[in-house]
2 protein chains.
Amino acid sequence: MVDISRGSALGISGASELFQLLRDGVPRTRASLAQATGLARSTIAARVDELMRLGLVTPVADAASTGGRPPSQFALNPGARLVLAADLGASHATIALTDLAGTVLARHGEPMDIADGPEAVLGWMVDAGRELVDGLGRDRHDLVAIGIGVPGPVEHSTGRPVNPPIMPGWDRFDVPGWVQQHLEVPVLVDNDVNIMALGERAQAWPAVEHLVFVKVATGIGSGVISGGLLQRGAQGIAGDIGHVQVARGAGVPCHCGNRGCLEALASGPAIARALREQGVAANSGSDVIDLVKRGDLDAIQAVRQAGRDIGEVLTACVSLVNPSVIAIGGSMARAGEHLIAGVREVVYTRSMPLATEHLAIVQSAAAADAAVLGASMLAIHHALSPEGIDQLAAR
Amino acid sequence: MVDISRGSALGISGASELFQLLRDGVPRTRASLAQATGLARSTIAARVDELMRLGLVTPVADAASTGGRPPSQFALNPGARLVLAADLGASHATIALTDLAGTVLARHGEPMDIADGPEAVLGWMVDAGRELVDGLGRDRHDLVAIGIGVPGPVEHSTGRPVNPPIMPGWDRFDVPGWVQQHLEVPVLVDNDVNIMALGERAQAWPAVEHLVFVKVATGIGSGVISGGLLQRGAQGIAGDIGHVQVARGAGVPCHCGNRGCLEALASGPAIARALREQGVAANSGSDVIDLVKRGDLDAIQAVRQAGRDIGEVLTACVSLVNPSVIAIGGSMARAGEHLIAGVREVVYTRSMPLATEHLAIVQSAAAADAAVLGASMLAIHHALSPEGIDQLAAR
């Protein structure tokens, strides 16, 4: 009995189930919905009315002018509701409001120290989110979900960060519970690199089922989409490739306590350190990017070598995941083709031909927007799911 | 319009949709089915009748004796139908008949050269399969699907092997099309290591969502289950880790044309070769196993080192996939704890604590049965899907 009542596709109103057919945006008639579901016309009418009441479905314009009869075609109405997307970085936060198609309607970013702790950072997010809604002249009840990316591992089922190394005070903090005291909508939380993978796919590769997004910045991590779904793994840390050992790194100490980790050789700070050891003035990844853009040969060579180190780890990734796209993002991707060239050099040399025949290794198209777009996708995906629709109907 | 007619959950009869609720084996009443689906009692009755006609659903015994009224509870009837499972190896083939719960009812194995080509091998499989059905005294129409594992990459959507290195004559061969000329049921084909992952999970870890199965034999490969689903990747070669480079292997030539591949260092033949270079008489992986079982120290050390090499690649796997179980199978796993100890040594040394905190690295429990069990799972999974039920109803 428990099994039956649990299924969200079997929600109380049934409207959520019907909505899944309308979610793709294609206009449909009552008759086609009845045929597809086997439901009675009267049931269809009641469920369509419920979806229209929720603002999720709207009559299609050219069918609405047939006189006194009810409109004959309906489709998803992406503009009727909003989601709040938040990219909470180590030292900067960006929030955006998007519609249900992921189109950004308003955004705001400012410096923000994640180490200020969850209540300060999330409090800012709640206030700034409300201001964005008000600024658009929209009703706060139009907000249907919130997606949040944070720079650390997250237990996806509960939305709690787990042992995040650079987020003091956030360990096991109930992010959804806290936010919902102020904004009573579903709150989805995930690792920043995971949501960047979602954002990159939405922006540039909507039809791709197997995509790996690699973030190269102060740290190195990846988000893995396999079979069309983001893969989080048993502890929510799938894709955490920064501490895989690379051949060149044998003795190099890493902040994790091990030696030879990818992050200790190919992150922005690691490249800067290697350049300093050669006598080049570079204190940060940002300095490295500036040097590369000025054509500094040492910096270009160091970035290319970092690309090769990343490629070494991605060779294992290509064998394991067999993606059709690897997108390289994060601040160090601004070094452009030099980084990607190093990645390609190793991956195409070291992988089996069948795995690389149709493999694109590219710079992130979503770039700095990847995380906020992905946070929006995370929220929309939930809001439009059977569970999300049921939650909305119950409000 | 196209979208609506395509969805298999929206099958013609609707019985397939209803069946998904009964698939777990829990007995249910007409009333609970009506409540769960929102369908009319008359529709429920017709669909239950259809599922009983197909033999997939049966009245539950203690409810069948309520006099003249129709029985009030129904459940999946796993014994009513059969699937044929085939493990076609390089030099040996095993087939089995199982019920819809994966219980083996009859089996047969014999030496078989995959290089004899698809028509010879599949012809044998068809004949031997029919004999098993007849031997059980069952009707050939009881067979509802066939699952086949082959030792090479497979395009899963079509069931065609793609550039399989040790399967001459099989490249792009339409395995399902050929088999269906003789046995008119759905035919599912997959790589042997993929189905071993399915078999291992079914046998020992049914509740585990993230499992990696590693086959160590003449070659080395893995099957990756993430989020509860087998991940095949863009070309169906996800998990193909045999040609990832390992640090120790810098100069060692591999049959793939590259150097330093895992398979060139840690496969059965590679271990035997390394032992020969030390003056130990070992011509094959099987000889190595015999030496280990006799306590030969050189062989034990060589197997442990192979485990370390495999562990090096699995460290990347642990970071990318974040599994909760790694099961080591294939013929070399018969070396027992010596191989696993090497794997554990490196994975637990090199991985992040959060990734290994709840990670079990174990010897395959399904062992020699992993492939045939997995082929059965592949067939059952399809047969009980909405699409499979619709196909059965249309026969």
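Whatever comes next refers back to the structure up there.
Worth saying up front: this structure is predicted, and the values here are computed from it rather than measured.

Caption draft 1: Structural context of the interface of chain B and chain A. Contacts between the two partners involve 52 residues from chain B and, on the opposite side, 52 residues from chain A. The junction of chain B with chain A conceals about 4,500 Å² of combined surface from both sides, 60% of it contributed by carbon and sulfur atoms. Inspection of the chain B/chain A interface yields 0 salt bridges. Put simply, chain B and chain A have 26 residue pairs in polar contact (both at pLDDT 80 or more) between them. At the level of elements, α1 (2-6), α2 (15-22), α3 (30-37), β12 (220-226), α11 (297-321), α12 (337-350) and α13 (353-356) of chain B are the ones that each hand at least two residues to the side of chain B that touches chain A. Counting residues per element, the side of chain B that touches chain A draws most heavily on α11(B), at 5 residues. Residues that form the side of chain B that touches chain A fall into these classes: 24 nonpolar, 20 polar and 8 charged.

Caption draft 2: Just empty space enclosed by the protein, in detail. Considering all chains together, one arrives at 6 cavities of 30 Å³ or more under this definition. In this structure, the largest cavity occupies an estimated 90 Å³ of space. Elements supplying a minimum of two residues to the lining of the largest cavity: β12 (220-226) and α11 (297-321) of chain A together with β12 and α11 of chain B. Residues that form the lining of the largest cavity fall into these classes: 7 nonpolar, 6 polar and no charged. Looking at the second largest cavity, its volume works out to about 70 Å³. Every residue along the wall of the second largest cavity is listed here: A:Leu56, A:Val144, A:Pro186, A:His382, A:Ala383, A:Leu384, A:Gly388, A:Gln391, A:Leu392 and A:Arg395. Broken down by secondary-structure element, the contributors of at least two residues to the lining of the second largest cavity are α14 (370-383) and α15 (386-394) of chain A. A class-by-class count of the residues in the lining of the second largest cavity yields 6 nonpolar, 3 polar and 1 charged.

Caption draft 3: Representation of the pattern of salt bridges. All names here are of chain A. In the structure shown here, the tally under the stated rule is 30 salt bridges over all chains. A salt bridge links Asp 369 to Arg 107, with the shortest nitrogen-to-oxygen separation between them at 2.9 Å. Of the two residues, Asp 369 is situated in the loop between β15 (360-363) and α14 and Arg 107 in strand β6 (residues 104-111); the sequence distance between them amounts to 262 residues. On the basis of relative accessible area, Asp 369 is assigned to the partly exposed category, the value being 29%. Take Arg 107: its relative accessible area is 41%, and that puts it in the partly exposed class. Among the ionic contacts, a cluster of salt bridges with common partners joins Arg 304, Arg 308 and Glu 345.

Caption draft 4: Structural detail: helix α4 (residues 41-53) of chain A. Residues and elements named next belong to chain A. Compared with an ideal rise of 1.5 Å per residue, which puts 13 residues at 18 Å, α4 spans 18 Å between its outermost C-alpha atoms and is within 8% of the ideal. Those residues of α4 not exposed but buried are Ile 44, Arg 47, Val 48, Glu 50 and Leu 51. The arc that holds every buried residue of α4, seen down its axis, measures 155 degrees, which confines them to one face. Relative to its buried face, α4 has exposed residues pointing more than 90 degrees away, namely Ser 42 and Arg 53. Buried residues along α4 sit against α2 (15-22), α3 (30-37), β2 (57-59), β3 (73-76) and α15.

Reading the values: the criteria
Residues numbered from 1 in each chain as written. Chains lettered and ligands numbered in written order. Predicted model: local features only at pLDDT ≥ 70, side-chain atom pairs only at ≥ 80, totals over all residues. Heavy atoms only, no water. Contact = heavy atoms within 4.5 Å. Buried area = accessible area lost by both parts, 1.4 Å probe. Salt bridge = Lys/Arg side-chain N within 4 Å of Asp/Glu carboxyl O. Polar contact = N/O pair within 3.5 Å; in protein donor to acceptor, adjacent residues only side chain to side chain. Helix = DSSP H or I, 4+ residues; strand = E, 2+ residues; numbered from the N terminus. Nonpolar A, V, L, I, M, F, W, Y, C, P; charged D, E, K, R; others polar. 1 Å grid on protein atoms, 1.4 Å probe; cavity = no way out; pocket = protein on both sides within 12 Å on 5 of 7 lines; lining within 4 Å. Points joined across faces, edges and corners; volume = space filled by probe spheres on them. Buried < 20%, exposed > 50% of the residue type's maximum accessible area, 1.4 Å probe, protein only. Expected span 1.5 Å × (residues − 1). Arc of directions from axis to C-beta.

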